[in-house]
Amino acid sequence: VHVLTTVLERRLVSDEGPWFQALGADEKGYVMLVRRLEIGGRFDCTSRMFLPASRFGRLLKIAARRLADTNLKMVLEAEFAAPTLHSDGIAHVQRCPQADARMIGVAAGSPGLQVQICTYSFGRMPITWQRMYVPASDYGLKLDCNPPEAAAKPRV
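Quick caveat: nothing in here was measured; it's all calculated off a predicted structure.

So what's going on with the overall build of the chain? Residues and values would help.
When helices and strands are tallied, the chain shows 6 helices and 6 strands. Counted from the first residue to the last, the chain has its helices and strands arranged as β-α-β-β-α-α-α-β-α-β-β-α. Compactness check: the chain gives a C-alpha radius of gyration of 15 Å against a globular reference of 15 Å for 156 residues, within 12% of the reference. Its C-alpha atoms give the chain principal-axis dimensions of about 45 × 40 × 30 Å. Counting across all 156 residues of the chain, residues that qualify as buried make up 40%. Excluding contacts between residues fewer than 6 apart, the proportion of contacts in the chain whose partners are at least 24 apart in sequence is 59%. With the model as given, the accessible surface of the chain reaches about 8900 Å², and the carbon-plus-sulfur share is 52%.

An account of the packing of aromatic side chains is requested, with residue identities and associated values reported.
This structure, assessed with the given rule, holds 5 aromatic pairs. Consider the rings of Phe43 and Tyr139, whose centres lie 6.3 Å apart with planes at 25 degrees: the pair is stacked. A residue pair is termed long-range when its members are at least 10 positions apart, and Phe43 in strand β3 (residues 43-52) and Tyr139 in the loop between β6 (126-135) and α6 (148-152) qualify at 96 residues. Both rings, one in Phe56 and one in Phe80, keep their centres 5.2 Å apart while their planes meet at 65 degrees; by these two values the pair is edge-to-face. One end of the pair, Phe56, is in helix α2 (residues 53-56); the other, Phe80, is in helix α4 (residues 72-80), and 24 residues separate them in sequence. Taken together, the ring pairs in this structure connect Trp19, Phe50 and Trp129 into an aromatic cluster. Here the basic side chain of Arg58 rests over the ring of Phe80, its NZ or CZ set 4.4 Å away from the ring centre. When the ring centre of Tyr120 is taken as reference, the NZ or CZ atom of Arg124 above it lies at 5.0 Å.

Can you explain α4? Please cite residues and give values.
Listed as buried for α4 are Leu72, Lys73, Val75, Leu76 and Phe80. Buried residues along α4 cover an arc of 160 degrees about the axis, so they all sit on one side. Two or three places before Lys73, at the start of α4, stands the capping residue Asn71, its side-chain oxygen 2.9 Å from that residue's backbone nitrogen. One or two residues past the end of α4 sits Ala81, with phi positive at roughly 50 degrees.

What counts as what
- Position numbers for residues count from 1 along each chain, tracking the sequence in the order it is written.
- Two thresholds apply to this predicted model, a pLDDT of at least 70 for residue-level local features and 80 or more for giving and counting side-chain atom pairs, whereas whole-chain, interface and lining totals are computed over all residues.
- Here the side-chain values reflect all heavy atoms present in the structure, with hydrogen atoms and water set aside.
- Secondary structure follows DSSP: runs of H or I at least 4 residues long count as helices, runs of E at least 2 residues long count as strands, and numbering of each begins at the N terminus.
- All radius of gyration figures rest on C-alpha atoms, and the globule criterion is 2.2 Å times the number of residues raised to 0.38.
- Relative accessible area decides the class of each residue, using a 1.4 Å probe on protein chains only: under 20% of the type maximum gives buried, over 50% gives exposed, and in between gives partly exposed.
- Note on definitions: a residue-residue contact is assigned when non-hydrogen atoms from the two residues lie within 4.5 Å.
- The Shrake-Rupley method, run with a 1.4 Å probe, gives the accessible areas here. Residue values count only the displayed protein chains as cover.
- Aromatic contacts are taken between Phe, Tyr and Trp rings whose centres are within 6.5 Å, Trp giving its six-membered ring; a plane angle under 30 degrees counts as stacked, one over 60 as edge-to-face, and the others as tilted.
- Only Lys NZ and Arg CZ are tested; either one counts as a charge over a ring when it is within 6 Å of the ring centre and within 35 degrees of the ring normal.
- Taken from the helix axis, the directions to the C-beta atoms give the arc we talk about.
- As used in this structure description, the phrase polar contact means that two N or O atoms lie within 3.5 Å; if the pair is within protein, one of them must be able to donate a hydrogen and the other to accept it, and residues adjacent in sequence are counted only when both atoms belong to side chains.

Structure, rendered in structure tokens:
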């Protein structure tokens, strides 16, 4: 299934949300990327990703087309020498927040899955914290948190 990614917003934030606990303090703040993910034309998800600005601030200047419809893990590896080597996450059944509902065309308060994922690079250094909202649907959702090259390697 093809995932079409659209960047809706990107900006620098300085507030301390849940990403602060995962990523640690950053005196320059955090790059926030708000994206809509179209899952094979079947349904849409939202994503809010936060990255430490001291290391990834240049994401705010990269051409929007470079970030659209791409696997952000590959951009982080190619542009910042920050491969995703490990990730972990947690999912909760939640009601859809109003802002997310507007982005993906579902009723605010409708049930869905909220997924929080933290990714790590060398030395288990956290590099991203992401909150996704996945609306209820008739489709299964495969959560593949492996590095991009791991997916290409055959499993033994």
